[in-house]
Amino acid sequence: MTLPGLQSDRPAGSDRAFVTLVTNADYALGARALLRSIVLSGTDADLCVLHTGVAAAHLAPLAALGARLVRCELLPTSPAFNAAHARDALHGRAAFTKGEKPPFHTPLDNFAKLRLWQLDYARVVFVDADALVLQNVDKLFDYPEFCAAPNVYESLADFHRMNSGVFTARPSQATYRDMLARLDVPEVFWRRTDQSFLQEYFPDWHGLPVFCNMLQYVWFAMPQLWRWRDIRILHFQYEKPWQDHAKADRLRPLIELWRVYAGDGPVPDSRDLPDPA
Ligand code: UDP
Ligand code: MN
């Protein structure tokens, strides 16, 4: 099957896939731990990595885990759109006050997530490359488009927004074309990139439990909400576990868990880990 604008290293192996996005070597590192976590969760769905031409050496570990590699371009957005969403422009206009974005994070690259609507799968669960699937989430394939969890990591007000690190989708060329038309309009500014866009495109998004996309800051900011037994997907929003960063000491047990998945050895049953006091 030909996929317009995409180059696949092999045909789809299923009609459903976990999809992630990798535009540079750092996120390939994240994706390897993510893919290993999905394999260990025991799924029959395809693992599919959308990438933008990352060097073969960084993609090889992903292929070794059985991932289908699909090469894509960034979206064909206009020069004005690209300028408005360039890293410095975006950080200047909509500063991140709650945490730090890593130096290897390019806001414009986030929009390439929308390429998944071009894929030849009936059902997709998208997961950011900075996440771990700690328990099987195949049931999400039975959920409709569009489901995502709220962006909860600080307070009740967070429930007004969704987080685009985990969501359910039904690929469709028509949806993809319609999204592009809605995305790149004159004067537009999506302050939280794909996340702002998807929330506006799917105003009636269905809420997943926060445990399907547990954000790492909850560990120290809302510890009452943390319960390892319930957490299916752990998401390292803002600072990444493979970086040296200012919050690393406060997130140590989470970072250690990520490192185990990033390695080659056995992983613990996360349901048995000690919750924060
Ligand atoms: N991403 C990427 N390259 C970039 C920025 C983002 O490959 O330069 C992909 C990657 O899958 C990443 C996701 O887009 O996990 C969203 O970015 P990130 O997770 O850094 O955002 P956060 O979760 O901190 O809001
Ligand atoms: Mn993320």
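Note that the coordinates shown come from a computational prediction; the quantities given were computed from them, not determined experimentally.

Trainee: What is the right way to read the pattern of salt bridges from this model?
Mentor: Where charged atoms of side chains with opposite charge meet at close range, the side chains can pair. Scanning the entire structure with this criterion turns up 14 salt bridges. Lys 113 is the partner of Asp 194 in a salt bridge, and the nearest nitrogen-oxygen pair spans 3.0 Å. Residue Asp 194 is located in helix α7 (residues 193–201), and its partner Lys 113 is located in the loop between α5 (107–110) and β5 (123–127); the two are separated by 81 residues in the primary sequence. Put simply, Glu 239 and Lys 247 hold a salt bridge, and the shortest N to O gap is 3.3 Å. Lys 247 shares its class with Glu 239; the two are buried. Taken together, the shared-partner salt bridges connect Asp 15, Arg 16, Arg 123 and Asp 142 into one network.

Trainee: Help me out: how do you make sense of the coordination of the manganese ion (ligand 2) in this one?
Mentor: Put simply, the ideal angle at a metal is 109.5 degrees for four donors in tetrahedral geometry and 90 or 180 degrees for six donors in octahedral geometry. For the manganese ion (ligand 2), the full set of protein donor atoms is Asp 128 (OD), Asp 130 (OD), Asp 130 (OD) and His 235 (NE2), at a range of 2.2 to 2.4 Å. Taken together, the six donor atoms coordinating the manganese ion (ligand 2) and their angles of 56 to 174° define a geometry best described as irregular. Sequence positions of the donors to the manganese ion (ligand 2) reduce to the motif D-x1-D-x104-H. Taken together, the residues span a long stretch of sequence, with Asp 128 in the loop between β5 and β6 (131–133) and His 235 in strand β11 (residues 233–235) at a distance of 107 residues. This pair shows no difference in class: Asp 128 is buried, exactly as His 235 is.

Conventions and cut-offs
Residues numbered from 1 in each chain as written. Chains lettered and ligands numbered in written order. Predicted model: local features only at pLDDT ≥ 70, side-chain atom pairs only at ≥ 80, totals over all residues. Heavy atoms only, no water. Salt bridge = Lys/Arg side-chain N within 4 Å of Asp/Glu carboxyl O. Helix = DSSP H or I, 4+ residues; strand = E, 2+ residues; numbered from the N terminus. Buried < 20%, exposed > 50% of the residue type's maximum accessible area, 1.4 Å probe, protein only. Donors = N, O, S within 2.8 Å, 3.2 Å for Na, K, Ca; no water. Tetrahedral: all angles 85-135°; square planar, octahedral: opposite > 155°, others 65-115°.

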